[in-house]
Structures are given as C-alpha cells and as structure tokens.
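Structural overview
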Amino acid sequence: MPRGVLLLRVSVILLLLLAFLDPRLPLRGRVAYLLDFSPSAREGVFALAPRLPKDGVYLAFAGEVARLPSPLARRLDLGEGTDVRRALEAALRLGVDRVVLVSDGLFPPVPSPLPLDALYVPPKPFVAVSLLPPPFPLLGETVGVRVVLEAPVPAAARLLVEGPGGVWEREVRVEGVRVLTYTFPLWERAEVRAEAEGPWGRSEARVGVVPADQARALVLGDPALARRLRAQGFQVSEGPFRLPLEADLVAVGLGVLDLPEGAPEALRDYLRRGGGLLFTATPRGLFFGGWDRALPDELPLKPLGRQGAALVLVLDTSGSMEGEKLALAVAAALELVKSAAPEDYLGVVVFASGHRVLFPPRPMTDRAKKEAESLLLSLRAGGGTVLGGAFREAVRLLEGVPVGRKGVLVLTDGLLSDPKEPILALAERAGLEVSAIALGADADAPFLEDLATRGGGRFYRAATARELPRLFLREGQEVFGKGAVEGRFPLEALPHPLTEGFAFPPLSVLLPARAEPWAEVLLKSGERVVLAVGERGEGRVAALATDLSRSWRDFEEASAFLGGLARYLMGVGRVLALHTYPEGEGVRVVALGRLEAPRLLVEGMEVPMVPTGALRFEAHVEAPGVLLDGKRRIPLALPLPGEWTPRDGEATLRAMAEASGGRLLGAEDLALPPKRPLPLRPYLLLAALLLFLLERVWEARVSRATLP
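Residues numbered from 1 in each chain as written. Predicted model: local features only at pLDDT ≥ 70, side-chain atom pairs only at ≥ 80, totals over all residues. Heavy atoms only, no water.

1. Brief notes about the overall build of the protein chain
In terms of helices and strands, the protein chain carries 15 helices and 39 strands. In terms of overall dimensions, the protein chain is more spread out than a globule: its C-alpha atoms have a radius of gyration of 44 Å, far above the 27 Å expected for 708 residues. Buried positions account for 51% of the 708 residues belonging to the protein chain. For the protein chain, the proportion of contacts with a sequence separation of at least 24, taken over those separated by at least 6, is 66%. Here the protein chain has roughly 32600 Å² of accessible surface; of this, 54% comes from carbon and sulfur atoms. Side-chain charges in the protein chain split into 84 positive and 86 negative, and the spacing between the mean points of these groups amounts to 5 Å. (Helix = DSSP H or I, 4+ residues; strand = E, 2+ residues; numbered from the N terminus. Rg over C-alpha atoms; globule rule 2.2 N^0.38 Å. Buried < 20%, exposed > 50% of the residue type's maximum accessible area, 1.4 Å probe, protein only. Contact = heavy atoms within 4.5 Å. Areas by Shrake-Rupley, 256 points an atom, 1.4 Å probe, with all protein chains shown as cover. Lys, Arg positive; Asp, Glu negative; His and termini not counted. Charge placed at Lys NZ, Arg CZ, Asp CG, Glu CD.)

Spelled out as structure tokens, the structure:
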C-alpha cells in the first residue's frame, strides 16, 4: 500500500476519534441576562446590577417580561409572579447563544431551551400573608378562612386579623409556611382582612366570603314553618311537589291525598337515599293526612290511644265492571286495606245479580291484610246490578263491631235494577256514615248522591276508574281519622344537642302521639310525645305533633330551634367538606360527602377524583379549578406555592444550569465575559469524510497504474 494512501487512512481514523471526543472551541457569543424583578429577588438583583457587563442583552421578568436598555434600569410594573418560562422564550426569540439567569430561585425548575448559567441572589426577608375563603360556605354555618403565612427565610411578624369573628392580634414566627384558621358564623356577605408587619415591611390581604349556597327546603302546607326557616337563611319553596325531589329538606304539612299520585313512594325513596323529612301536625298533616298509614315504617310517631273505626266496602262486580274498571276498583280496595290500622275493622261485600260477603269486618292485622288482599285479587265480574241485599248485609255486619265510628262505602258504575227507596230509608235510620262513589257517566249519580246525603256521608264522582284509588283513600282517611287536643301542654326537653339551651313554652294544641321504638324522643308532654327523630336508610326523619300556626307564636327562639332541627335532618345528604393540602408543587384536594362522580376542571382539563374511602374522594392538581359533581359547580381557591414560598433557590438554579450544559456562577465570574463553546464534531466528521473520499480516489488510481 502506498505511503500516501496509508497516511490518509490513519488521518481519517484520527479525525473520527477526535469527533467521538466532541471537542469544543470557546468563542465569545451573544448573551442574554435574565434579571429576576419579582418582589422577593429584585432588591438583590438591583444591588448586583452595577457589576454586570454593559454589552449584554438584558431582559427583566416577573409575571411579565420587558427588555432593558442597561442592567441599571428599573421596572416595578412587571407583576408579582416569577414566570421564568416566559423569560426563556423571549430570549430564544432574540436569537442569543446563551443566557445568564440572575434570580433567587423561588420557583419550580424549568427546562431551558438555551445553554444557561445561573447566578443566585438571596431572597428578601419577608412574611407574605394570603387569605383562602372556605370553598363551599353555607348560609348560617360556622366557616373558616385560612390565614396563610409564607417566608422564604425565617422571620417574625405581628399578625392582625379582622372580620365578623372579632379581632386577632398576635406575634408569630414563620419558618416556611404557617396556616391559621379564622372562624365565624356566616349570615351574610362578610369580609376578612389580615396584616403581617415586621422589620422588613408590611403585607396585607383581604377576602370576601359569600354563601356559595343556601340549604333548600320544600315546605308543603305549613306557612308558619316556611317563615321560620326563611328567617334561618333557608331557600324555601312552598310547592308544588315535583319529581325528582332536589331539596335538601322536605317538610310535609299536607295529607297523602293532597299530593300527586306516587308521592308517598317518592318520599320514601328520597328519605332512604339520604334526604331529610319533617312532618308537622297542621289540620291536614301528619295523622290527619294519613301519613301514619301511608308511610308506617318511616314515620317516627304513631297516634296515641287511637279508637278504631269500622268500614264495609260494598263493591259492584256486575258485568259492566269487567276489565279495567274492576281491576282499578280492586287496586283501590287494596290501598284501603293497606291504610287501615290494626285497631280498624274493614270488610267487603260484593254485588251483581246477587251478593256475597267477601270477608266480614275484622281488625286489619298483618295476617288479616294478607287474607283480604288474596280475596280481593280473586274477584271476577258478571251479572246484573242489584244493590239492596248487599247494602242490608253491610249494615247487618256492622251491628256487632265494637267501635264507635262505623261507615259504609258503596261503589257502582250503573243503574240499579232494584227498588231505591228501601235502600235510602235504611241508610237514613241505620246510624252509620254512608258514602257513595259514582263511577263513570252511566252510574245513577242522583241516587248515589241522595244515598250519601241521607246516610250522613260523602258523595264522590269518578269520571274514570283511575280516580278510584285516591277516592278510596280519601274515604278511609275520613272514617279512620283522629282529632287533636286543645289546651295547655307543658313541654319537657330530653337531653340532645338540638334541645340544649332552649326553654320551651307550653303548647296550645297537641296531637296525641307515641314514638316508634326506633325513634329518639326530643320533646314530650307527659306521656305524649311531641317531637321524635330517627334514621331510615341513609336519611333522617322527624315528626312534630303540634300545629306551628297555633303553637310557639310568641316563642322567640322557635326559628333557631327549627332551623337547627332542619339542618340536623338534612345533614346526612347535604354535608360536603372540602380540604386542601400542599403537596409538592401542587395541592391534594380531598372531598368528603355524598358525591356521585366528582371531578375537577383545571385549565380546561377534567381531573377525576379517586375514591379513597367511604364518602372520600381525592385528586392532585397544580392550578385553581372548579369541582364538578352533577349540577354542582364549586370554585376552588387552592393554597398553591406563591412568590414567597420557601424553596432551596440555589439548588433550583444549579439543577437548571447543569441540565442545560451550564453552571452555577459566583459573583467573581461576572468579570469574565461569557463564552459560547463552538462544537467541533461536525467539522471533524466533514474532514474525515473528505479524506476518506480522497483516499478511495488515490487508491483507485494506484490500482490502475499497476495493471499490465
């Protein structure tokens, strides 16, 4: 091999080895100096400015970025934050080769797009104060405003806090972050002011607290209770009854039949799912309204000393009743069976061309109810319409029943084929309450109305069979009803957080009642229970056996007591507690309460909250956001790291510099002009390629020259 070719090959190898070592040639480059003018760093940067080179490019930054004509220029209008990323982007747009960051490093590390050197300046001694309002304050509850104190270096301060909870004044020492809580009851929009003062100066903050929500109460048929709850800050609606029930509390002063069909079932489901229910003894509520029969397992009170009543249903099963009419009549009779108490007697006589006793009047025990339901479901239609024998049989059956109040209810959809006057005469002399229902347009309404009038009962007209269940319930309510007692009834309050501190005056009207075994008695008058509460499913229910429009008129503390009772009842389903804890560069948000699928909306992105326990959800965020759950939207003010958050700023700057190929400078390095290292690897590789090509050409020529 010729010596020239060998020399070229060795040269290529040497150039490749040098390229692998990546040597760099130090050259003077264009440098941008990024000067931190944030409140914590600006004093240290101002002191250092005279020592900076005069021929660099200078950018001042805080929350905003501005170019400076010289390092001695001052800008105090760039905001309170420290946006390093924006400053680096501005330097990149200027086309500089390198940056020198002069800062206290009180910010999270940011990757640099340019080679970066950093110079650390100590932060200003200072105690910053900020106020965080409660995230979900309710009208009338005791809320807490968090007073957050931050100091980049340990410092002492005099703290002053003023607001509805009075004046705080205390000496504090802050090392890092210190949080105090200022509490007060929230009855209206409030403002809290805090001030921290020390040798370094003064910082202050203000925050307004506005009730984010009012407890919602649906009050049906009790205007007196509605007024009391409004006085306690509740958002009160007095109807109508609509599904789904979205109120935090439903107070019922109406009867079962005053509400739409299906209301008892809806109230039961609402309670079992965590809602609050309150029944009051208005003239149409509680026992008057039949709630002890409609919701026997949910009502904490039952009538005391109830005298049973007796009712015989005389039911038309003629051929004209076949189909939907008979089916709905049977359904109505089943509701009547269900609404009867054990001390009540109920019987059924059916008639068509003849009559028969389906079952005689008997106490409506659980066993009797099951037997009655089975017999009613076995009914079939057919035949004519002969009432007389069935009506006489009903009157006879009631003669031996040992109760004071007795009644007969007649239902037919057609014209009678037997004489009417004997039936009317019997109704007039029998001494019973005789009521009648005319079903449809073909019924003999004039006769049935006359029958009810002469029998001292009530006449109902049902245009369609679908109206029958409610008419049957209304008649049962009339017959099985119970009256209130008027007088003067002293009250005894039993030990309970709801009754502490109240002196209850006597009542003027009282519905005699006893408490169910599962209920807790709060108020009583002798042996009569006035107020009882209990839990059913996930909710709470209470029953008050007095009419608030006639009792407690002059009881000044009635509103406060009833408001506390309402909040207690709605507490299980209504309570929502939000807590935030600083964690790394962000905040851990913890929500406690009955939530469906909570999530946080942060900077346009949804962050799901993960269930971490019973009624507990958590998420980690690095910016303020909004908690979303169903229709609820709750803004969150988070204790995120601020301008004065203590950090190891020197370590932050060193990490940023080393990650970009730079270093942490000292003050003595400012006299040396920054160098821009020129990478030699591309040039070495290019030279190696050229020599390799030259070597290949030379070798080819030598080969051709040696051929014969």
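2. Considering the packing of aromatic side chains
In the structure shown here, the tally under the stated rule is 13 aromatic pairs. Centre to centre, the rings of Tyr-182 and Phe-184 are 5.9 Å apart; their planes meet at 50°, and the pair counts as tilted. On the accessibility criterion, Tyr-182 (0% relative accessible area) is buried. Residue classification places Phe-184 among the buried residues on the basis of a relative accessible area of 1%. An aromatic cluster is present here, built from Phe-502, Phe-504, Trp-552, Phe-555 and Phe-561 joined pairwise through their rings. Stacked on the ring of Trp-518, the Lys or Arg Arg-536 has its end atom at 3.9 Å from the ring centre. Looking at Arg-540, its charged tip hangs above the ring of Tyr-568, at a distance of 4.2 Å from the centre. (Phe/Tyr/Trp six-rings, centres within 6.5 Å; stacked < 30°, edge-to-face > 60°. Lys NZ or Arg CZ within 6 Å of the ring centre and 35° of its normal.)

3. Quick look at the environment of Lys-124
Examined against the element boundaries, Lys-124 turns out to sit in the loop between strand 6 (116–120) and strand 7 (128–132). Assessed through its relative accessible area of 18%, Lys-124 is described here as buried.

4. Considering the sheet that holds strand 29 (residues 539–544)
Two modes of strand pairing occur in sheets, parallel and antiparallel, and in both the strands are linked by backbone hydrogen bonds. Taken in spatial order, the eight strands of this open sheet run 13-12-14-15-29-28-27-24, and their pairing is mixed. The sheet terminates laterally at strand 13 (235–237) and strand 24 (492–493), the two strands that pair on one side only. Relative to strand 13, strand 12 (residues 216–220) runs parallel, the two sharing three bridges. Considered in strand 13, the bridge of Leu-218 is made with Ser-237. (Pairing = 2+ DSSP bridges.)

5. Let's talk about the environment of Leu-278
Tracing the backbone through its elements, the reader meets Leu-278 in strand 15 (residues 276–280). On the accessibility criterion, Leu-278 (3% relative accessible area) is buried. Put simply, Leu-278 and Val-533 are 255 residues apart on the chain and 8.9 Å apart in space, counted from C-alpha to C-alpha. Once you skip the residues sitting within four places of it in the chain, Leu-278 turns out to touch Leu-225, Leu-249, Val-250, Ala-251, Val-252, Ala-542, Leu-565 and Leu-569.

6. Some points on the sheet that holds strand 18 (residues 345–351)
Across the sheet, six strands lie side by side as 19-18-17-20-21-22; this open sheet has mixed pairing. At either margin of the open sheet sits one strand with a lone partner, and together these are strand 19 (355–363) and strand 22 (456–462). Between one strand axis and the next, the sheet turns by 10° as a mean value, whatever way the strands run. Sheet topology places strand 18 next to strand 19; six bridges connect them, and they run antiparallel. Looking at strand 19, one finds that Tyr-345 is bridged to Pro-363. Strand contacts of helix 7 (residues 324–339): strand 17 (309–316), strand 18, strand 20 (405–412) and strand 21 (433–439), with the helix running at about 175° to strand 17, the strand carrying the most contacts. (Axes fitted to C-alpha atoms, helices over the stretch in contact; angles between N-to-C directions.)

7. Focus on unusual backbone geometry
In most cases, non-glycine residues show a negative phi, while peptide bonds are predominantly trans. In this structure, Pro-240 follows Gly-239 across a cis peptide bond, with omega equal to 0°. Looking at where Pro-240 falls in the secondary structure, it is placed in the loop between strand 13 and strand 14 (249–252). With an omega dihedral of 0°, the bond running from Leu-243 to Pro-244 counts as a cis peptide bond. At Glu-603, a residue that is not glycine, the phi angle is positive and equals roughly 50°. With respect to the helices, strands and loops of the structure, Glu-603 is situated in the loop between strand 32 (599–602) and strand 33 (605–608).

8. Comments concerning the pattern of salt bridges
Pairing is possible between side chains that carry opposite charge, provided their charged atoms lie close to one another. Enumeration according to the criterion identifies 35 salt bridges in this entry. Across the pair Arg-202 and Glu-195 runs a salt bridge, and its minimum N-O distance is 3.9 Å. Given the relative accessible area of 8%, Glu-195 is considered buried. The partner of Glu-371 in a salt bridge is Arg-362, with the nearest N and O atoms 2.7 Å apart. With a relative accessible area of 33%, Glu-371 lands in the partly exposed category. A network of salt bridges, in which partner residues are shared, links Arg-158, Glu-162, Glu-169, Arg-193, Glu-195, Glu-197, Arg-202 and Glu-204. (Salt bridge = Lys/Arg side-chain N within 4 Å of Asp/Glu carboxyl O.)

9. Things to note about the packing of helix 10 (residues 421–429) against helix 11 (residues 445–454)
The N-to-C vectors of helix 10 and helix 11 enclose an angle of 25°; their axes lie 8 Å apart at closest approach. Taken as axis vectors, helix 10 and helix 11 run roughly parallel relative to one another. Each of Glu-421, Ile-423, Leu-424, Ala-425, Ala-427 and Glu-428 in helix 10 lies in contact with helix 11, whose residues at this interface are Phe-447, Asp-450, Leu-451 and Arg-454. Along the lines of polarity and charge, the residues of the contact of helix 10 with helix 11 split into six nonpolar, no polar and four charged. (Parallel < 35°, antiparallel > 145°, perpendicular 65-115°, else oblique. Nonpolar A, V, L, I, M, F, W, Y, C, P; charged D, E, K, R; others polar.)

10. Points about the packing of helix 7 against helix 8 (residues 366–376)
In contact at an axis separation of 10 Å, helix 7 and helix 8 are set at 175° when each is read in the N-to-C sense. The orientation of helix 7 relative to helix 8 falls into the category roughly antiparallel. Contact residues: Val-330, Ala-333, Leu-334, Val-337 and Lys-338 in helix 7; Lys-369, Ala-372, Glu-373 and Leu-376 in helix 8. For the contact of helix 7 with helix 8, the class distribution of residues is six nonpolar, no polar and three charged.

11. Describing the confidence of the model for the protein chain
Detailed conclusions should not be drawn from predicted coordinates in areas where pLDDT is low. Mean pLDDT over the protein chain: 85, with 93% of residues reaching 70 or higher. Averaged over each element, pLDDT in the protein chain is lowest for strand 1 (residues 24–28) (61) and highest for strand 15 (95). (pLDDT = per-residue confidence, 0-100.)

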